[in-house]
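Fold and contact review
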Amino acid sequence: MSLFKNIFSSKKKESLDKGLEKSKTSFLSKLGKAVAGKSKVDDDVLDNLEEVLVTSDVGVATTLKVIDRIEARVAKDKYMGTEELNKILREEIAALLSETNLGEETEFTIPKDKKPYVIMVVGVNGVGKTTTIGKLAYQFKKQGLKVVLGAADTFRAAAIDQLEVWAERVAIPIVKQQMGSDPASVAFDTLSSAVTQDADVVIIDTAGRLHNKINLMNELTKVKRVMQKVVEDTPHDVLLVLDGSTGQNAFEQAKEFTKATEVTALAVTKLDGTAKGGVVIGISDQFQIPVKYIGVGEGIEDLQVFNKYEFVDSFFNTTS
């Protein structure tokens with residue numbers, strides 16, 4: 001039975017295909033060179049494939065897992081032609097991601113017994129954090145949910161202004177204070193306002209500074225503690241936003257933020273402008289934290305729920 005199911009709308013799939021075009025073209029070009037002149041998958045081809053995966057930002061640890069799986073299939077099948085390699089890669093990577101990140105679509109589901117449902121968003125400056133928040137808020141509003149935004153990244157005036165622009169665009173309320181205000185105070189006011197408004201979802205933006213991890217950890221811990229004075233057990237989710245175009249640097253950011261706070265979900269942005277889309281495969285495999293969303297374009301609909309099967313299908317698709 002095929003792992004690849006036609007569960008996306010054709011419009012979303014087209015957007016995904018287009019967003020991954022640079023990554024796919026780069027990967028298939030490297031793969032073509034790796035098997036040039038070879039009819040059989042042998043040790044040389046596997047060595048070349050390992051280099052292709054690593055240079056496509058899949059990451060060393062995940063690459064070695066993939067190579068091990070393909071070696072096992074080669075040993076079992078005795079003869080595997082290089083023309084089958086793309087298909088085998090698709091199947092083995094999808095199977096690998098299924099083992100480490102169960103389920104197909106991983107979007108946030110908002111339980112009715114947790115109201116408001118609080119999502120704290122973290123990530124370094126410039127990764128597309130504010131844009132992700134705006135697009136996520138739009139998706140929630142489309143589902144008929146009442147959303148409130150909290151501008152707790154008070155370190156930069158631009159962060160407050162950008163979030164306000166998104167709040168106006170999506171037509172949802174925002175709670176903010178002046179630049180330099182206490183982020184925890186903003187979070188407290190946001191949750192208090194959300195409770196008063198009987199909101200379904202609260203999304204809290206936070207400062208994206210990594211140069212001092214101790215300060216970052218202390219700040220995020222304080223924000224959490226103050227929010228819990230208004231709504232117990234918050235935040236319900238901590239979403240880390242990573243810039244896919246930075247390749248291996250995204251891995252490093254994920255490592256640092258998972259040390260600083262308990263991250264429960266990931267979003268990988270800016271995949272449409274880069275050939276480094278393989279980073280999603282590695283991050284999804286390595287961190288045991290679900291990749292919930294990927295950014296594949298600038299449009300408000302281009303923050304897509306991450307579906308591993310559709311992603312792998314688009315990444316390795318040779319028919320378009």
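Anything mentioned here points back to the structure above.
Anyway, here's the lowdown on the structure attached to this text. (Residues numbered from 1 in each chain as written. Predicted model: local features only at pLDDT ≥ 70, side-chain atom pairs only at ≥ 80, totals over all residues. Heavy atoms only, no water.)

**Topic: the overall build of the protein chain**
Inclusion rule: A run of H or I in DSSP becomes a helix once it reaches four residues, and a run of E becomes a strand once it reaches two; helices and strands are each numbered from the N terminus. Radius of gyration here uses only the C-alpha atoms, and the compact-globule reference equals 2.2 Å multiplied by the residue count raised to the power 0.38. Only protein chains enter the accessibility calculation, which uses a 1.4 Å probe; a residue is then buried when its area is under 20% of its type maximum, exposed when over 50%, and partly exposed in between.
The helix and strand tally for the protein chain stands at 12 helices and 8 strands. Computed over the C-alpha atoms, the radius of gyration of the protein chain is 21 Å, within 12% of the 20 Å expected from 2.2 N^0.38 for a compact globule of 320 residues. Considering only C-alpha atoms, the protein chain reaches an extent of 65 × 40 × 30 Å along its principal axes. Looking at the protein chain as a whole, 55% of its 320 residues are labelled buried.

**Brief notes about the environment of Val118**
We count it as follows: The contact rule is simple, with two residues in contact once any of their heavy atoms fall within 4.5 Å.
On the secondary structure map, Val118 appears in strand β1 (residues 117–122). Discounting chain neighbours no more than four positions away, the residues touching Val118 are Leu191, Val202, Ile204, Met227, Thr234, Pro235, His236 and Asp237.

**Some words on the pattern of salt bridges**
Here is the rule: When a carboxyl oxygen of Asp or Glu lies within 4 Å of a side-chain nitrogen of Lys or Arg, that pair is called a salt bridge.
Under the defined criterion, the tally for this structure stands at 23 salt bridges. Linking Glu21 and Lys24 is a salt bridge whose minimum nitrogen-to-oxygen distance equals 3.8 Å. Taken as a pair, Glu21 and Lys24 lie in helix α2 (residues 21–34) at a separation of 3 residues, close to a single helical turn. By relative accessible area, Glu21 is classed as partly exposed at 34%.

**Quick word on the packing of helix α3 (residues 43–55) against helix α4 (residues 60–77)**
Filter applied, for reference: Lines fitted to C-alpha atoms define the axes, with helix axes restricted to the stretch in contact, and inter-axis angles between N-to-C directions lie between 0 and 180 degrees. Angular relationships are summarised with four words: roughly parallel below 35 degrees, roughly antiparallel beyond 145, roughly perpendicular across 65 to 115, and oblique for the angles in between. Note: crossing handedness is left-handed where the near helix turns anticlockwise from the far helix by less than a right angle, and right-handed where it turns clockwise.
Interhelical geometry of α3 versus α4 gives an angle of 150° and a closest axis separation of 9 Å. Judged by the inter-axis angle, α3 sits roughly antiparallel to α4. Considering the relative orientation of α3 and α4, their crossing is right-handed. Of the residues in α4, those touching α3 at Leu46, Leu49, Glu50, Leu53 and Val54 are Val60, Thr63, Leu64, Val66, Ile67, Ile70 and Glu71.

**A few points about the side chain of Thr234**
Definition in use: The term polar contact refers here to a pair of N or O atoms within 3.5 Å; inside protein, the definition further demands a hydrogen-donor-capable atom paired with an acceptor-capable atom, and it admits residues adjacent in sequence only when both atoms are side-chain atoms.
With respect to the helices and strands, Thr234 occurs in the loop between α9 (213–227) and β5 (237–243). Its relative accessible area of 1% is what places Thr234 among the buried residues. Only 2.8 Å separates the side chain of Thr234 from the backbone oxygen of Val231, close enough to count as a polar contact. Leaving out residues up to four positions away in the same chain, Thr234 has contacts with Val118, Leu191, Lys224, Met227 and Gln228.

**Describing unusual backbone geometry**
Here the bond from Lys115 into Pro116 is cis, since omega is 0°, no more than 30 degrees from zero. Residue position: Pro116 is located in the loop between α5 (85–100) and β1. Residue Pro235 is bonded to the preceding Thr234 through a cis peptide linkage, with omega at 0°. Residue placement: Pro235 occurs in the loop between α9 and β5.

**Some words on helix α11 (residues 279–286)**
Judged by how many residues are buried, α11 sits mostly within the fold: 7 of 8 residues are covered. Backbone geometry just after α11 places Gln288 at a positive phi near 55°.

**A look at the packing of helix α1 (residues 10–19) against helix α12 (residues 308–315)**
Counted only if it meets this: Basically, the charged four are Asp, Glu, Lys and Arg, the nonpolar ten are Ala, Val, Leu, Ile, Met, Phe, Trp, Tyr, Cys and Pro, and anything else, Gly included, counts as polar.
Contact pair α1 / α12: the axes reach a minimum separation of 9 Å and the direction vectors enclose 50°. Looking at the two axes, α1 sits oblique to α12. Remark: the crossing between α1 and α12 carries right-handed chirality. Across the interface between the two elements, Lys13, Leu16 and Asp17 from α1 touch Glu310, Phe311, Asp313 and Ser314 from α12. Of the residues in the contact of α1 with α12, the class split is 2 nonpolar, 1 polar and 4 charged.

**Considerations on the pairing of strand β2 (residues 147–152)**
Rule in force here: When DSSP locates at least two bridges between a pair of strands, those strands are taken to pair. Crossover handedness is defined here as right-handed if the route from the first strand over the helix to the second strand goes clockwise, with the strands pointing away from the viewer.
Judged by how many residues are buried, β2 sits mostly within the fold: 6 of 6 residues are covered. As paired elements, β2 and strand β4 (residues 201–206) share 6 bridges and run parallel to each other. Counted as the bridge partner of Leu149 is Ile203 from β4. Judged from the 2 bridges that link them, β2 and strand β3 (residues 174–175) form a sheet pairing that is parallel. Across the sheet, Gly150 pairs through a bridge with Val175, a residue of β3. For the crossover that starts at β2, traverses helix α7 (residues 157–170) and ends in the parallel β3, the hand is right-handed.

**Considerations on the sheet that holds strand β6 (residues 265–269)**
The strand order across the open sheet formed by 8 strands is β3-β2-β4-β1-β5-β6-β7-β8, and the pairing between neighbours is mixed. Whereas interior strands pair on both sides, the edge strands pair on one side only; in this sheet they are β3 and β8 (303–305). Alignment of β1 against β5, held across 4 bridges, turns out to be parallel. The partner of Ile119 across the bridge, within β5, is Asp237.

**Section: α3**
The periodicity of an α-helix, 3.6 residues per turn, causes residues three or four places apart in sequence to face the same way. Where we set the bar: For a helix, the expected span equals 1.5 Å multiplied by the number of residues minus one. Each C-beta atom gives one direction from the helix axis, and the arc is the one those directions make.
Under the 1.5 Å per step criterion, the end-to-end length of α3 is 18 Å for 13 residues, consistent within 8% with the ideal 18 Å. Those residues of α3 not exposed but buried are Val45, Leu46, Leu49, Val52 and Leu53. One side of α3 holds all its buried residues, which, seen down the axis, span an arc of 115°. Every exposed residue of α3 that faces more than 90 degrees away from the buried side is listed here: Asp43 and Glu51.

That's the geometry; what it means functionally is another story.
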